[in-house]
Structures are given as C-alpha cells and as structure tokens.
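Descriptive structure summary
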Amino acid sequence: MSLKSEVIENLIKEAIPDAEIVINDLAGDENHYSATIKSKIFKGKSKIEQHKIVYKSLKGKMGNELHALSINTMEI
Amino acid sequence: MNENIKKEIGELIDKNDVCLFMKGTPDVPQCGFSLAVSNILKHLGVNFKSINVLENNEIRDGIKKYSDWPTIPQLYIKREFIGGCDIIKEMFEKKELQIKLSENNISYNK
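Residues numbered from 1 in each chain as written. Chains lettered and ligands numbered in written order. Predicted model: local features only at pLDDT ≥ 70, side-chain atom pairs only at ≥ 80, totals over all residues.

A few points about the overall build of chain A
Within chain A, the regular secondary structure consists of 2 helices and 3 strands. The linear arrangement of helices and strands in chain A, starting from the amino end, is α-β-β-α-β. The C-alpha radius of gyration of chain A comes to 12 Å, within 12% of the 11 Å expected for a compact globule of 76 residues. With the principal axes as the frame, chain A shows a C-alpha extent of 35 × 20 × 20 Å. Long-range pairs, those at least 24 residues apart, make up 55% of the contacts in chain A between residues at least 6 apart in sequence. (Helix = DSSP H or I, 4+ residues; strand = E, 2+ residues; numbered from the N terminus. Rg over C-alpha atoms; globule rule 2.2 N^0.38 Å. Contact = placed C-beta atoms within 7 Å.)

Here it is as structure tokens:
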C-alpha cells in the first residue's frame, strides 16, 4: 500500500483551498510522510480538531492506503 | 460500531486515568509512533494502562470509531481524548502534557 505525495497534497488542497502544504517522504517508500499544513481554517481550533480536518480531507485513506503521516498544522 | 466493543472501550477508559491504545507493548512496541508516546509517558514516570490493539482487532477498529480518529496510538487522560503521536510529542515539548497531568492530579516526574 502506498500513496503518491501529489495525491495527498491534492486531497488536502481540495478540502482546505488556502493551505500551504509541505510534504516530505520520510523513508522514500511513499508510505511514511510528514506534512506541514498552514491555513487560516485552523484558527481558534484545538490541535485535535485541526488534525481531524486534515484526516477528513484524506477521505479514509489514512490508516489504509496511507500507513503513516505525521501532521503539523499551523495557523496563518 | 458493536455495542459490546464500545462498552469494553468505555470501561477501559473509565477505569484507567491514563490509558494508551498502542501497537505492541511499552516493552516491545510494534510501531515507531506507539514507541514515541510510550517513551514519553515512561520518561515522565506516569503510571499508565497500555492496550495492545494488535491483540484485538475489534478494539483496533473500535477505538478509531470511538475517538473519530483514524490512527494508533491514542491517549486518554481521565476519559478525555488527548490525541495521537504528533499532538502528544508537541504537548510534551511545550510542557502542556505535564500541565494536563497536573490538572488531573496524576503524578509524574517533574
């Protein structure tokens, strides 16, 4: 199971249009990524809520096609 | 989700002030993210209950629905869902986890 970083980026972008996204393929295996996502949408939300927005944008792929995605969300 | 599993998870969270759903055990973690959270709790000397989701597929799927959170590990403190690995690491670094433990009268190494 693997997922291209462009697919992840597009899914996040679709759900969070103003997102500035930086994705790193940590192991070079298209399966372990880290993503830094900056958006206005995170303002006033808890970290749990912020991460849930990102997980939801991935439409169930997290934990399935995508094994590991370390998430770092930031308000702008 | 299955009512029995929901009840079982609810009881685990009720009975244990600090409850970590993880892959593997604190001694033999089976995933780097579970290892990281388990090590933070060990480092803080927190007495915690660990549940190895790899031993029970129903709990593994159930906890994801219960918390509306798609990944393992998951940490609960006094029935409150605190987060997964990224959030716990950040909270630990910012001392927010330590504050959360103090607020809940849970002892840890200062």
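Some thoughts on the sheet that holds strand β3 (residues 68-75) of chain A
Residues and elements named next belong to chain A. Overall, mixed pairing links the 3 strands, which are arranged β1-β2-β3 in an open sheet. Pairing within the sheet leaves two strands with one partner each, and these edge strands are β1 (20-25) and β3. Adjacent strand axes in the sheet meet at a mean angle of 15° when their direction is disregarded. Of the strand pairs in this sheet, β1 and strand β2 (residues 32-39) are connected by 6 bridges, and their pairing is antiparallel. Paired with Asn24 across the strands is Ser34, a residue of β2. On top of the sheet, helix α2 (residues 47-57) reaches β2 and β3; it is set at about 125° to β3, its chief contact. (Pairing = 2+ DSSP bridges. Axes fitted to C-alpha atoms, helices over the stretch in contact; angles between N-to-C directions.)

Thoughts on the packing of helix α1 (residues 5-15) of chain A against α2 of chain A
Residue and element names in this part refer to chain A. One way to put it is that α1 packs onto α2 with a least axis distance of 8 Å and a crossing angle of 115°. Considering how the two elements wind past one another, α1 and α2 form a crossing that is right-handed. Listed contacts from α2 to Leu11, Ile12, Glu14 and Ala15 of α1 are Val54, Lys56 and Ser57. (Left-handed = near helix turned anticlockwise from the far one by under 90°.)

What is shown is where atoms sit, not what they do.
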